[in-house]
Amino acid sequence: MSIPRCVLFIAVSLAAAAVPAGAQPPDGAAVFAKHCASCHAGAGVERAPSQAALRERTPEAILGALVNGVMASQAAALTDAERRSVAEYLSGRRLGADNPAPVAGRCAAAPPPLSDPTRGPHWNGWGITGTNSRFQPADQARLTAEQVPRLRLKWAFGFPEASSARSQPAVAGGRVFVGSEGGTVYSLDAKTGCVYWTFPAGAGVRTGMTLGPRAGASGTYALYFGDVQAHVYAVDAASGELLWKRKIDDHPHARITGTPVVFRDLVYVPVNSVGEEGAGSRPGYACCTSRGSVTALDAGTGTVRWKTYTVEEPTFRGKTPRGGDMWGPSGANIWSAPTIDAKRGVLYVGTGNQFSGPERQTSDAILAMDLESGAIKWVNQRTAGDISIGGCRDRYTRRPDCPERGVGPDVDFGSSSLLVTLPNGRDLLLAPQKNAVIWALDPDNKGSVVWEYRAGKGGPMGGFEWGAATDGELIYGAISDDQSSIFSNAADLKGDVPGGLHAVRIATGERAWFAPPRPPLCGSGRGCSAAQSAAVTAIPGVVFSGSIDGGIRAYSSRDGSVLWEFDTNREFETVNGVKAKGASIGGPGPVVVDGMLYVNSGYSTGGR
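Rules of the game
- Residues numbered from 1 in each chain as written.
- Predicted model: local features only at pLDDT ≥ 70, side-chain atom pairs only at ≥ 80, totals over all residues.
- Heavy atoms only, no water.
- Axes fitted to C-alpha atoms, helices over the stretch in contact; angles between N-to-C directions.
- Helix = DSSP H or I, 4+ residues; strand = E, 2+ residues; numbered from the N terminus.
- Parallel < 35°, antiparallel > 145°, perpendicular 65-115°, else oblique.
- Contact = heavy atoms within 4.5 Å.
- Nonpolar A, V, L, I, M, F, W, Y, C, P; charged D, E, K, R; others polar.
- 1 Å grid on protein atoms, 1.4 Å probe; cavity = no way out; pocket = protein on both sides within 12 Å on 5 of 7 lines; lining within 4 Å.
- Points joined across faces, edges and corners; volume = space filled by probe spheres on them.
- Pairing = 2+ DSSP bridges.
- Buried < 20%, exposed > 50% of the residue type's maximum accessible area, 1.4 Å probe, protein only.
- Polar contact = N/O pair within 3.5 Å; in protein donor to acceptor, adjacent residues only side chain to side chain.
- Salt bridge = Lys/Arg side-chain N within 4 Å of Asp/Glu carboxyl O.
- Core = buried A, V, L, I, M, F, W, Y, C linked by side-chain atoms within 4.5 Å.
- Disulfide = S-S within 2.5 Å.
- Arc of directions from axis to C-beta.

J.: Looking at this model, I keep getting lost on the packing of helix H1 (residues 28–35) against helix H5 (residues 80–91). Mind explaining?
T.: At a minimum axis separation of 8 Å, H1 and H5 run at an interaxial angle of 100°. It follows that H1 is roughly perpendicular to H5 by the angle criterion. On H5, the residues touching Gly28, Ala29, Val31 and Phe32 of H1 are Glu82, Ser85, Val86, Tyr89 and Leu90. The class makeup of the residues in the contact of H1 with H5 is six nonpolar, two polar and one charged.

In C-alpha cells:
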C-alpha cells in the first residue's frame, strides 16, 4: 500500500514599489510608533504579529500588506512614502534589495486533457457540494484513519509576491487550482506541484476556486473566483485563458472573500467590505456607505441576473460631534460561500455586524434568498444591535462619534451554513457563529431555532470563525476563542486558553465529545496562539483542523483523540524555487483528495 502524503502551500513576499527619485523618505521608526506600535508592540494584542516577527518578513511582504493586504484599511491614512518607510524600518532592509527568487517548476510535459472533473477524485468549491458539508467521502478521499499517522510532506509550493495564503484550492482532473494574495492563480500538477499555467488577476485572490461546465462548449470547464477589488473571473480550466471578467460592486472597500457557488447556469457571489470597518475609525471619514450583497451572474457570459443587498441604500444621517458626515445603515457583510437548497429553491447566507445604524434585522443573521430572483424569503437574526466600527472598542481611546448605544460584540456569521438531512428525512440548517454558538434552524419554518449549542464565549476573533464540517451524524467545529474562558454544556470545560474541537450530535444538539486545546507548537511567547480559526474538514473517521500556531492536526471522529500533528511554522524547500516560510493556518480549511492532504500555511493574523 502506498503511503499517503501531505502538501503545503506557503506564502512569501510582494514585489517592491519604486521610491520616487529625489524624495526624502519619512522616518519609518516614527511612523511605526505613531500608527502601528499600539498593536504590534503593545501588550495584550496576542493575534497581531510582534515587531520581532515582522522583522523576519521582507519589506515587499510588509508593503503588500499595507497597500492591498490585510492592513490596507489601517494604513489607508498613510502616504505611499510612509508605507515604504515603515516596511523598510520593520524589516531592516531596503525595498528591492531582496527580490523574490525567479519562479521555476514549470511542468515538463503538457497536461492531459481535462475530462469531467466530477467523475474522478475531486474537491470543488468551498464545501465540495452546494450544501457545504466539508465532508469528503471515502471513495474521494482515498485516505483512511489508519493511514493518517503516516502522512508526510511530499511537496511545497511558494507563492511569490504574496504575504499571506488565504485561497482554498480546488482539486480535479489531477490538477490543483489555487489563487494567491499576489493576484496570480495557478494550475498545478496534483502529484508533483509543477506549474501547468498561471493567470494574472487584477488584484489579490482570497476566495476558493470553483469549477463548472462552460455554457455552449460541451466537454470544457471554467474556473470561477473573485478578487479583493470585487471582480469575478471565469477562466478556461484547461488553459487559463480569460473567458470573462465582471466588477460587481463599485464601492472602494468592496471585496470578495466568500467562494463563488455555481448552480445550474448561475454563479452566486457574496460581497463584503471589511476595509470600511477599519477606515471608519479615521477622523473625518464619512461612515459608512458600504453593504453586503449577493450577485447572481450568468455562468457563460458574466451578465448580472440579479443583485440583492443585505441593507437598503445608506442615506445621510447628520453630523458627528467632530463635524463629519454620518451615513447609514451600512455593513451586514457576507464573508462566506452561499449554501444551495435545491429542494426549496433558495440559497442561504450568513451576515456580519453593521458599521453604522439605524439597526436592521439583516445583520448577524441567516438570510434565505430565492435562487431565481434574489428576493429575501426570510431572515433570522441571532444577535441584535451589533454595530461595530474600528476605534470604538477601547473605552480609554473611544471616539466621540462611536455608535450611540456602544460598540457591538462583532460576532458575525463568518462560516457557511451546512444543510443536512436527518435519517427521518427532516432537514436542518446548521449555522456556526463567532459568538461560539452553533444554531440548528428549520428551513421549513422561516429558520426557526430547533436547538443551540454553546462552545465558548466568542468575540470579534473568537467562536466559530471560518467553517465547520459534518458527516451527517455529527457537526465538527473548532474554536478560535482567545483570552476568554472556554466552556460548554459540561462543567469540566474551563480555562483561559484558546482552541479546542467540538463534536455535536445533529439530531439533538448534544455534545458527543470535546478535544481540549493543544499546547501551541510555537511555544508560549507573545503572539503564539493555539486558537483554531480555520475551517475544519472531515473524512470517514478523521477531522482535520489547522491552528494559529501553524499546526495542522488530525483528530479521531470517534473520540477526538489526536492521530497526527504537523508543524508548518518553518521554512520549506519549494518545487518552484521561491523562498517560503509557513506560519499561521486560518481561513480556508484542508482539502483531501486521492490520498493527498492540501493545506495553506501563512495566514496573517493581524486582521481578517
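J.: What is the right way to look at empty space enclosed by the protein in this model?
T.: Over the atoms rolls a probe the size of a water molecule, and in doing so it shows where empty space is left. For the coordinates displayed, the defined rule picks out five cavities of 30 Å³ or more. Within this model, the largest cavity holds a volume of roughly 140 Å³. When grouped by side-chain class, the residues that make up the lining of the largest cavity number six nonpolar, nine polar and two charged.

J.: Would you explain the pairing of strand E15 (residues 315–319) in this entry?
T.: Along any regular strand the residues' side chains alternate between the sheet's two faces. As paired elements, E15 and strand E16 (residues 325–328) share four bridges and run antiparallel to each other. Its bridge partner lying in E16, Gly318 is registered against Met326. Linking two consecutive strands that pair antiparallel, namely E15 and E16, is a turn of five residues; a positive phi of about 90° is found at Gly323 within it.

J.: Any chance you could explain the sheet that holds strand E30 (residues 511–515) here in plain terms?
T.: Whether parallel or antiparallel, the strands of a sheet pair through hydrogen bonds between backbone atoms. With antiparallel pairing, the four strands of this open sheet are ordered in space as E27-E28-E29-E30. The sheet terminates laterally at strand E27 (469–470) and E30, the two strands that pair on one side only. Alignment of strand E28 (residues 474–478) against strand E29 (residues 501–505), held across five bridges, turns out to be antiparallel. Paired with Leu474 across the two strands is Arg505, which belongs to E29.

J.: Which parts of the structure should I look at to understand the pairing of strand E6 (residues 195–200)?
T.: The pairing of strand E5 (residues 184–189) with E6 spans five bridges and is classified as antiparallel. Looking at E6, one finds that Thr184 is bridged to Pro200. Connecting the antiparallel pair E5 and E6 is a turn made up of five residues, with Gly193 showing a positive phi of about 85°.

J.: It is not clear to me how the side chain of Ser529 should be interpreted in this structure. Could you clarify?
T.: Positionally, Ser529 belongs in the loop between E30 and strand E31 (537–539). Of the residues examined, Ser529 reaches a relative accessible area of 3% and is grouped as buried. At a separation of 3.0 Å, a polar atom in the side chain of Ser529 contacts the main-chain amide nitrogen of Ala531.

J.: Mind showing me how you'd approach the pattern of salt bridges here?
T.: Once their charged atoms are close, side chains differing in charge can pair, the charge on each being opposite to the other. For the structure on display, the rule yields 23 salt bridges. One salt bridge in this structure joins Asp341 and Arg344, with 2.9 Å as the shortest N-O distance. Relative accessible area serves as the criterion here: at 22%, Arg344 is assigned to the partly exposed category. Ionic contacts of the salt-bridge type, sharing partners, join the residues Asp341, Lys343, Arg344, Asp427 and Asp444 into one network.

J.: I keep staring at the side chain of His122 and nothing clicks. Help me out?
T.: The topology assignment puts His122 in the loop between H5 and helix H6 (138–141). Judged by relative accessible area, which is 13%, His122 ranks as buried. Apart from the residues within four sequence positions on either side, His122 is in contact with Pro117, Gln136, Gln140, Val171, Ala172 and Val593.

J.: What is the right way to read the nonpolar core from this model?
T.: Nonpolar side chains in soluble globular proteins generally cluster together in the buried interior. Tyr268, Trp306, Ile340, Leu347, Val349 and Met369 are the most contacted members of the largest nonpolar core, which totals 22 residues. Elements represented by at least two residues in this core include exactly strand E11 (261–263), strand E12 (266–271), strand E13 (293–298), strand E19 (346–350) and strand E21 (365–370). Broken down by element, the residue count for this core peaks at three residues, all from E21. Among residues more than four places away in sequence, those in contact with Tyr268 are Pro260, Val261, Phe263, Thr295, Ala296, Trp306, Pro338, Ile340, Leu347 and Leu371.

J.: What exactly am I supposed to notice about the state of the cysteines here?
T.: Here a disulfide denotes a covalent bond joining the sulfur atom of one cysteine to the sulfur atom of another. Scanning all chains against the criterion turns up two disulfides. Each sulfur of the disulfide joining Cys107 and Cys194 lies 2.0 Å from the other. The sign of the S-S torsion, about 95°, decides the handedness of the disulfide formed by Cys107 and Cys194: right-handed. Pair noted here: Cys107 is in the loop between H5 and H6 and Cys194 is in the loop between E5 and E6, with a separation of 87 residues, a long-range link. Given the relative accessible area of 17%, Cys194 is considered buried. Across the disulfide from Cys287 sits Cys288; the S-S distance is 2.0 Å. On the sign convention where negative is left-handed, the bridge of Cys287 and Cys288, at about -85° about the S-S bond, is left-handed.

J.: In this structure, what is going on with H1? I would like to understand it.
T.: Along an α-helix, a turn takes 3.6 residues, which lines up residues three or four apart on a common side. Buried residues of H1: Gly28, Val31 and Phe32, and no others. Buried residues in H1, looked at end-on, bunch into an arc of 100°, giving them a common side. Every exposed residue of H1 that faces more than 90 degrees away from the buried side is listed here: Ala33 and Lys34. A distance of 3.0 Å separates the backbone nitrogen of Ala29 from a side-chain oxygen at the start of H1, and that oxygen is part of Asp27.

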